[in-house]
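# Observations on the three-dimensional arrangement
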Amino acid sequence: MKHEIIIVWFRRDLRVLDNPAFHAAAAQAKILPIYIFDQDLKSEHAIGDGSKWWLHHSLQSLQGSLDGSLRCYIGDAVKILPKLAKEYKVTAVHFNKSYDSVEMKRDHAVELELQKSDIEVKMFDESLLFSPSDILKKDGTPYKVFTPFYRECLKGPEPRIPLPKPRNIEFFTTKVDKHSIESLQLLEDNSVENRFEKHWKPGELSAHKRLQSFIKNGLENYAQGRDFPALKNVSRLSAHIHFGEISAHQIWHEVKQNGHEYANKKNISCLLKELGWREFSYYVLYHNPTMYHKNLQEKFDRFAWRYSKKDLLAWQTGMTGYPIVDASMRELFTTGYMHNRMRMVVASFLVKNLMIDWRTGAQWFWQLLVDADLASNSFNWQWVAGCGYDAAPYFRIFNPITQAKKFDPAGEYIAQFVPELSKLPSKYIAAPWLAPEQVLKKAGIEMGVDYPMPIIDLKESRDRALGSFKALKK
Ligand SMILES: Cc1cc2nc3c(=O)[nH]c(=O)nc-3n(C[C@H](O)[C@H](O)[C@H](O)COP(=O)(O)OP(=O)(O)OC[C@H]3O[C@@H](n4cnc5c(N)ncnc54)[C@H](O)[C@@H]3O)c2cc1C
C-alpha cells in the first residue's frame, strides 16, 4: 500500500504503455491521473472539431485503462495544477515534455507556479526520438536541411527502448462525476461525429492493432505504394501518434524488430525516415517557435497573396473542378484525414494556383484533421508554399491533372470521393471537361451542372504565381 500521491498530468501521451511519466509515478506512489482541456491555449489555434472528436474518444479509451480514475478539468493548467496539488497533498506532479512551442511556454509557467508552492515537478522525455537541443551543426547552429539533420540523428544513440506497463499500479480514487470526460463538452456543437466514427477507432489498443496490420499488409510496398492514395500502403497512424496513443519509440523499435518478416530494408528505412520528417518538423518548430504563423523565409513576408472568398470556398468544399483536388478535400471533410501526396497537391493548388496564403489553408486543415499537429501542419504548409526550410522551390507547382494520372491512374480514389464522376472512363476522370460530349452524357454528367467547370486555368495561374515569385527577388 503506497502512501504518497503523485499527479500524472496526461496531455498528448494518452497511453499507459511506454509512458515515462506514468511509469515513474507508479513505481513510488498512488497515481492521481488528470487531463486538462486548456481551451484558450493557442487562441486562434484552439483545437478544431476533428481533434476534439478524436480527443473525446481517446480519453474514453484511456479512462478504461486507468480503471475509471481519470479526472478531467477545463481551464488554465497554470491555475488548476497548484490548486489540485494542494487539495490532495500530492508530493509531485509528473508529465511528459512537449516540444510544441506554444505548449512549452505554458509548461514553463506551470513548472514555476508549482515550484513556488514547493511541489516537485518531474518532466520526462517521450514525444520525440531525438532531442532537438542535442542535434546541432558543427558551428552550434540548428540544421535547416532534412538530410544532414537525419544523418546526424542516426549517428547518435538509438532511441530508447519502450517501457512496459508498470506493475502494481495504485490509483488515488476520488469521485469523478463532476470531472468526467463529458464535462469537457468536446462533442458539443461538433458536427463531425457522424462522419468520422465510421473511419476511426481512437485509443491505445486500436493504435497497436493498426501498427500490426500495417506491418503485415502495408509495409512491404511502402516506399512506392505510399504515393498512391487508393492503395493501402500508408499506416494511417498519424492521429494515434499525435495524441500519443502510441509512441514514436514503440513504432521505431517494432518496425525494426519485426518488420523484416514482411518487408525488405528499403521499405523499413523509408517508414523510419518518415518518422524522421516528423522529428524534423518539431525540430524546426523548436528552433523557430513562431513557425506556425510566420514565414521561415522572411522574404515571403512581402509576397502578394490574393484573397478570394469564392475560390477559397470552392477549395474547402471540393468544388474546384479539378477532380483530384476535390476528391482530396472531400476526403478531409468526410474522414478527417487526407493522404500525404494529396495534402501536397491541394496545398500547392491553394498557395500557387489560387495564390491564397498558406496560413488560410493550414487553418482549414487545423479545423478538420484528426491528426492536426502544430509542428507537422505548419512545417509542411511552409514546405509546399516554398517559404519554409528545405522547402519545395516555389516554381515547383503540382499539376493536378498530371498528379491524378500518375498517382490515381485508374481513378479509384477520385471515384470514391467524387461519386458523380464514377461512371466516367478512367481516361477522362482526371479532366472531365475534356471528355467528348457523348462520353459525358453516357456517364450522366453535364459539366457545370453535375460537376463544376475548372475554377481557374492552370497555365495562366501558374504564370501568375511565377511572376509574383520573381517580383520577390527584386
Ligand atoms: C500540407 C500538409 C499538411 C500536413 N499536416 C499534418 C498534420 O497536421 N499532422 C500530421 O501528423 N501530419 C501532417 N502532414 C504530414 C503527412 O501528410 C501526414 O503525417 C501523413 O499523411 C499521415 O498519414 P500516415 O500516418 O498514413 O503516414 P505514413 O506514411 O504511414 O507515415 C508514418 C508517420 O510518419 C509521420 N510523417 C509522415 N510524413 C510526414 C511529413 N511529411 N511530415 C511530418 N511527419 C510525417 C507521421 O507521424 C505519420 O503518421 C502534412 C503534410 C502536408 C503536405
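Residues numbered from 1 in each chain as written. Predicted model: local features only at pLDDT ≥ 70, side-chain atom pairs only at ≥ 80, totals over all residues.

The secondary structure content of the protein chain amounts to 21 helices and five strands. Relative to its length of 474 residues, the protein chain is compact, with a C-alpha radius of gyration of 24 Å against a globular reference of 23 Å. Here the C-alpha coordinates of the protein chain stretch approximately 80 × 50 × 45 Å along the principal axes. A total of 474 residues make up the protein chain; the buried ones form 46% of that total. (Helix = DSSP H or I, 4+ residues; strand = E, 2+ residues; numbered from the N terminus. Rg over C-alpha atoms; globule rule 2.2 N^0.38 Å. Buried ≥ 20, exposed ≤ 12 C-beta atoms within 10 Å, placed from the backbone.)

Moving on: helix H4 (residues 101–116). Given a rise of 1.5 Å per residue, 16 residues ought to cover 22 Å, and the 23 Å separating the end C-alpha atoms of H4 matches this to within 8%. Residues of H4 that are buried include every one of Asp 107, Val 110 and Leu 114, and no others. An end-on view of H4 places all buried positions within 60 degrees of arc, on one side of the element. Opposite the packed face of H4, turned more than 90 degrees from it, sit the exposed residues Lys 105, His 108, Leu 112, Gln 115 and Lys 116. Structurally, H4 contributes buried residues whose contacts are with helix H3 (77–87), strand S4 (92–96) and strand S5 (120–124). Two residues or fewer past H4, Asp 118 is found with a positive phi of approximately 60 degrees. (Expected span 1.5 Å × (residues − 1). Arc of directions from axis to C-beta. Contact = placed C-beta atoms within 7 Å.)

The strand order S3-S2-S1-S4-S5 describes an open sheet built from five strands, whose pairing is parallel. The open sheet is flanked by strand S3 (71–74) and S5, the only strands paired with a single partner. Mean inter-strand twist for the sheet, computed between neighbouring axes without regard to direction, equals 25 degrees. Here three bridges tie strand S1 (residues 5–10) to S4, and the two strands are oriented parallel to one another. Within S4, the position partnered with Ile 7 by the bridge is Val 93. (Pairing = 2+ DSSP bridges. Axes fitted to C-alpha atoms, helices over the stretch in contact; angles between N-to-C directions.)

Another point: the site of the ligand. In the vicinity of the ligand there are 27 residues, among which Val 234, Ser 235, Ser 238, Asn 377 and Asn 380 approach most closely. Here the residues of the shell around the ligand are counted per class, giving 12 nonpolar, eight polar and seven charged. (Near = placed C-beta within 6 Å. Nonpolar A, V, L, I, M, F, W, Y, C, P; charged D, E, K, R; others polar.)

The α-helix advances 3.6 residues per turn, and as a result positions three or four apart in sequence lie on the same side. Taking 1.5 Å per residue as the helical rise, helix H16 (residues 374–385) with its 12 residues ought to reach 16 Å, and the 16 Å between its terminal C-alpha atoms agrees with that figure. Among the 12 residues of H16, 12 are classified as buried, and the element is accordingly described as predominantly covered. Along H16, the residues that are buried comprise Leu 374, Ala 375, Ser 376, Asn 377, Ser 378, Phe 379, Asn 380, Trp 381, Gln 382, Trp 383, Val 384 and Ala 385. Where the residues of H16 are buried, they touch H4, helix H11 (265–287), helix H14 (340–353) and helix H15 (358–368).

Below, the discussion takes up the pairing of S5. Relative to S5, S4 runs parallel, the two sharing five bridges. Its bridge partner being in S5, His 94 is matched across the sheet by Lys 122. Between S4 and its parallel partner S5, the chain crosses via H4, and the hand of that crossover is right-handed. (Right-handed = clockwise from strand over helix to strand, strands pointing away.)

This part is about the pairing of strand S2 (residues 30–37). Here S2 lies mainly inside the structure; seven of its eight residues are buried. Two elements, S1 and S2, share six bridges in a ladder whose sense is parallel. Within S2, the residue paired with Ile 6 across the bridge is Ile 31. Pairing between S2 and S3: four bridges, direction parallel. The residue of S3 that forms the bridge with Tyr 35 is Cys 72.

With respect to the helices and strands, Arg 195 occurs in helix H6 (residues 193–196). Here Arg 195 falls in the partly exposed class, since 15 other C-beta atoms lie within 10 Å of it. Along the sequence, Arg 195 and Glu 170 sit 25 residues apart, while their C-alpha atoms lie 38 Å from each other.

In this structure, Asp 18 is a non-glycine residue whose phi angle is positive, near 45 degrees. Relative to the helices and strands, Asp 18 is located in the loop between S1 and helix H1 (20–28).

Quick look at the packing of helix H10 (residues 248–258) against H11 now. As a packed pair, H10 and H11 sit with axes 10 Å apart at the nearest point and diverge in direction by 165 degrees. When the axis of H10 is compared with that of H11, the two are roughly antiparallel. Both H10 and H11 take part in a crossing whose hand is left-handed. On H11, the residues that touch Ala 248, Ile 251, Trp 252, Val 255 and Lys 256 of H10 are Ile 268, Leu 271, Leu 272, Leu 275 and Arg 278. (Parallel < 35°, antiparallel > 145°, perpendicular 65-115°, else oblique. Left-handed = near helix turned anticlockwise from the far one by under 90°.)

Split into domains, the protein chain comes out as domain 1 (5–126), domain 2 (128–162 + 203–287) and domain 3 (298–473). Look at where the C-alpha atoms of domain 1 and domain 3 centre, and you get two points 38 Å apart. Of the residues belonging to the side of domain 1 that touches domain 3, the class tally is three nonpolar, four polar and two charged. (Domains from an automatic or database assignment.)

Moving on, we get to the nonpolar core. Residues Ile 7, Val 8, Val 93 and Ile 414 are the most contacted members of the largest nonpolar core, which totals 136 residues. The element that contributes the greatest number of residues to this core is H14, accounting for eight residues. Here Ile 414 is in contact with Pro 323, Ile 324, Ala 327, Ala 404, Asp 408, Leu 421 and Ile 429, once residues within four sequence places are set aside. (Core = buried A, V, L, I, M, F, W, Y, C linked by C-beta atoms within 7 Å.)

Glancing now at the packing of H14 against H16. The interhelical angle for the contact between H14 and H16, taken along N-to-C directions, is 60 degrees, at an axis separation of 9 Å. Judged on the interaxial angle alone, H16 and H14 are oblique. H16 is crossed by H14, and the crossing has right-handed handedness. Contacts between H14 and H16 pair Arg 343, Met 344, Ala 347, Ser 348 and Val 351 from the former with Asn 380, Trp 381, Val 384 and Ala 385 from the latter. Residues that form the contact of H14 with H16 fall into these classes: six nonpolar, two polar and one charged.

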